[in-house]
Amino acid sequence: MSRKILMMTIMVAMTFASACENKGSVQIIPLPVEYKTYNSSYELVQEMKITHNLDAANLEKIIAPFNDYLSVKYGFQQLVKETGDKATNGSLVLLLDKDNKRIPNEGYNLKVTAKNIKLEASSHSGLFYGMQSLIQMVEDPDENLKNPYIGAAEIRDYPRFKWRGLHLDVCRHFMPKEFVKRYIDYMALHKYNTFHFHLTEDQGWRIEIKKYPLLTEVGSVRKETLVGHGRRSDKYDATPHGGFYTQEDIKEIVDYAASKFITVVPEIEMPGHALAALASYPYLGCEGAGYEVATKWGVFDDIMCAGKESTFGFLEDVLTEVMELFPSEYIHIGGDEAPKKQWQECDLCQERIVSEGLEDEHELQSYFIKRIEKFLSANGRKLIGWDEILEGGLAPNAAVMSWRGETGGIEAAMAGHYVVMTPGTHCYLDHYQSNPETEPLAIGGLTTLEKIYSYEPVPDTLNPVQAEYIMGAQGNVWTEYMPNSKHVEYMVYPRAAALSEVVWSPKAERDYPGFLNRLQKLRVLYDYMGLNYSRVEFDGER
Ligand code: ACM
Ligand code: ZN
């Protein structure tokens, strides 16, 4: 390092070191990497002028949430846009400098003074996240300032992990497209960048596939649904439940997410959790007949046949349409909870084991996933699956989503595979968040806000090279016990706010009391947005 760079680095470090004195005064979630506050404010005014060096489409994406917030909440006009490379005379200055190596990808530098707001980044997403921070920083007018304002501050911020995910199961209970978009809005507010869209299940197939219309004609509807807990009830509601997204709906959701810098990763479950597909096209299964879209929860023996070529033909056709709709690098193929009983009893599966020289049914599952991985790879995509895909040997370029604890993730990372951590103990947002006696029915478990906040995605058993394979973490939202979108919101927030800090903020800076403090400000925004978050952590409020 040259002397000059060294001096500059020390000066930058000194500038931000003093931020510690003001800790807690930038009230945003997730907590920024470094910040410093001043005793002044920038007053927001009507007809704020933006100067920027962005193209029109990206400018619109980046400023729309801030614009909408100011116009709906405070009746502000649209911001006035001006282009200018080195411009610094606007009220809001947005500068993209792709060559700025000092600002990491998705990161941003924000400076709010009494005179103006300046936001810089080396990526469009960085500018977008800076605007999300600004939204959280807006204060209502008060006795001193008649306009809404933002406290003067300097922020240097960037994410710790590149996979900051939330999942949503729309199969156990179908969620309307408009809610899925709202879910994406809440994700963007917390700087999540990956939406794992769980689209196929035993209880419903939710995505239109043109070549196989029965998947939605038959597979998207179950005749009734179990009432009560799956382990304790045998009552049904005698009411059909259905719903699916047309390909136009899917495009709309994917485009909407992209406008918020969120990638949608679709999940098409195989070879298990596939009863809705089997009910639609029975030839796909080992049994070949007698299937029905599931009406209760759990793991079913019914499975796609690994012995028939037609199973792979079907899956390749489905994945081809899926890849046309979702531009994501990764395609999730499920792979979890696939009982091997029917494979043991199926002549074709047994023939496959012999013809491929496989040891047993676990290796048959591995054969299945490797074949799909080869297909995705040939189409320029990467496969990700639940940690069961490790059994019988992991496909060469597959990534693993570790849900049965961290063991699978650790094994995969040690073998040089990419991993997303999502252990049931800390990352399952379908678990109870407080005392089950006073909470609505949930699947079980107990994952309090503090517990999820305490989660550390990089296990200390990994050395630094292996640790690089941990892409991040994700919260999973299985909806067996979430019959509607309000209930989903109740289970997900504020726990997803806690997880956003796990995946964004520096490990050493995380501080639960500080988080709770900042959450008090963020919940005002939640109230404004109409988000049905759980109040259980707020002094016993309900
Ligand atoms: C899972 O929760 N079955 C991945
Ligand atoms: Zn079979």
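Coordinates for the structure precede this section.
Residues numbered from 1 in each chain as written. Chains lettered and ligands numbered in written order. Predicted model: local features only at pLDDT ≥ 70, side-chain atom pairs only at ≥ 80, totals over all residues. Heavy atoms only, no water.

### Description of the nonpolar core
No. 1: The biggest cluster of nonpolar side chains holds 161 residues, and the ones touching the most others in it are F66 and F197.
No. 2: Counting residues in hydrophobic clusters, the runner-up holds 12 residues, among them Y330, I384, Y428 and M471. (Core = buried A, V, L, I, M, F, W, Y, C linked by side-chain atoms within 4.5 Å. Buried < 20%, exposed > 50% of the residue type's maximum accessible area, 1.4 Å probe, protein only.)

### What to know about the side chain of E480
No. 1: Note on placement: E480 falls in the loop between strand 20 (470-475) and helix 16 (485-492).
No. 2: By relative accessible area, E480 is classed as buried at 10%. (Helix = DSSP H or I, 4+ residues; strand = E, 2+ residues; numbered from the N terminus.)

### Describing helix 17 (residues 495-504)
No. 1: Counted residue by residue, helix 17 has 10 buried out of 10 residues, so it is predominantly covered.
No. 2: Among the residues of helix 17, those classed as buried are R495, A496, A497, A498, L499, S500, E501, V502, V503 and W504.

### A look at the pattern of salt bridges
No. 1: Within the structure shown, the criterion is met by 29 salt bridges.
No. 2: With a closest N to O distance of 3.4 Å, E201 and R172 form a salt bridge. You can see E201 sitting in the loop between strand 10 (194-198) and helix 5 (214-217) and its partner R172 sitting in the loop between strand 9 (163-169) and helix 4 (177-189), a full 29 residues away along the chain.
No. 3: Judged by its relative accessible area of 1%, E201 is buried.
No. 4: A salt bridge links E489 to R182, with the shortest nitrogen-to-oxygen separation between them at 3.5 Å. Placement of the pair is E489 in helix 16 and R182 in helix 4, with a sequence separation of 307 residues.
No. 5: Using a relative accessible area of 30% as the deciding quantity, one classes R182 as partly exposed.
No. 6: One network of salt bridges, with partners in common, ties together K177, E178, K181, D249 and E252. (Salt bridge = Lys/Arg side-chain N within 4 Å of Asp/Glu carboxyl O.)

### Details of the sheet that holds strand 10
No. 1: Pairing is parallel in the closed barrel, where eight strands are placed in the order 9-10-15-16-17-18-19-20. Neighbouring strand axes in the sheet, compared pairwise and without regard to direction, differ in orientation by 30 degrees on average.
No. 2: Pairing of strand 9 with strand 20 involves four bridges; the strand directions are parallel. Residue pairing across strands places G165 opposite Q474, the latter belonging to strand 20.
No. 3: In the packing of helix 4 onto the sheet, contacts are made with strand 9 and strand 10, and the angle to strand 10 comes to roughly 150 degrees.
No. 4: Packed onto the sheet, helix 11 (residues 361-378) meets strand 15 (263-270), strand 16 (330-334) and strand 17 (382-386) and runs at close to 150 degrees relative to strand 17. (Pairing = 2+ DSSP bridges. Axes fitted to C-alpha atoms, helices over the stretch in contact; angles between N-to-C directions. Contact = heavy atoms within 4.5 Å.)

### As for unusual backbone geometry
No. 1: Of note, the amide linkage connecting I29 to P30 takes the cis form, showing an omega dihedral of 0 degrees.
No. 2: Among the structural elements, P30 can be located in the loop between helix 1 (3-17) and strand 1 (34-43).
No. 3: The omega torsion of the bond from M270 to P271 falls at -10 degrees, within 30 degrees of zero and hence cis.
No. 4: With phi around 65 degrees, K191 is a residue other than glycine that occupies positive phi space.
No. 5: Looking at the secondary structure, you find K191 in the loop between helix 4 and strand 10.
No. 6: Even without being a glycine, H273 presents a positive backbone phi close to 45 degrees.

It is worth stressing that arrangement in space is one thing and function is another; only the former is reported here.
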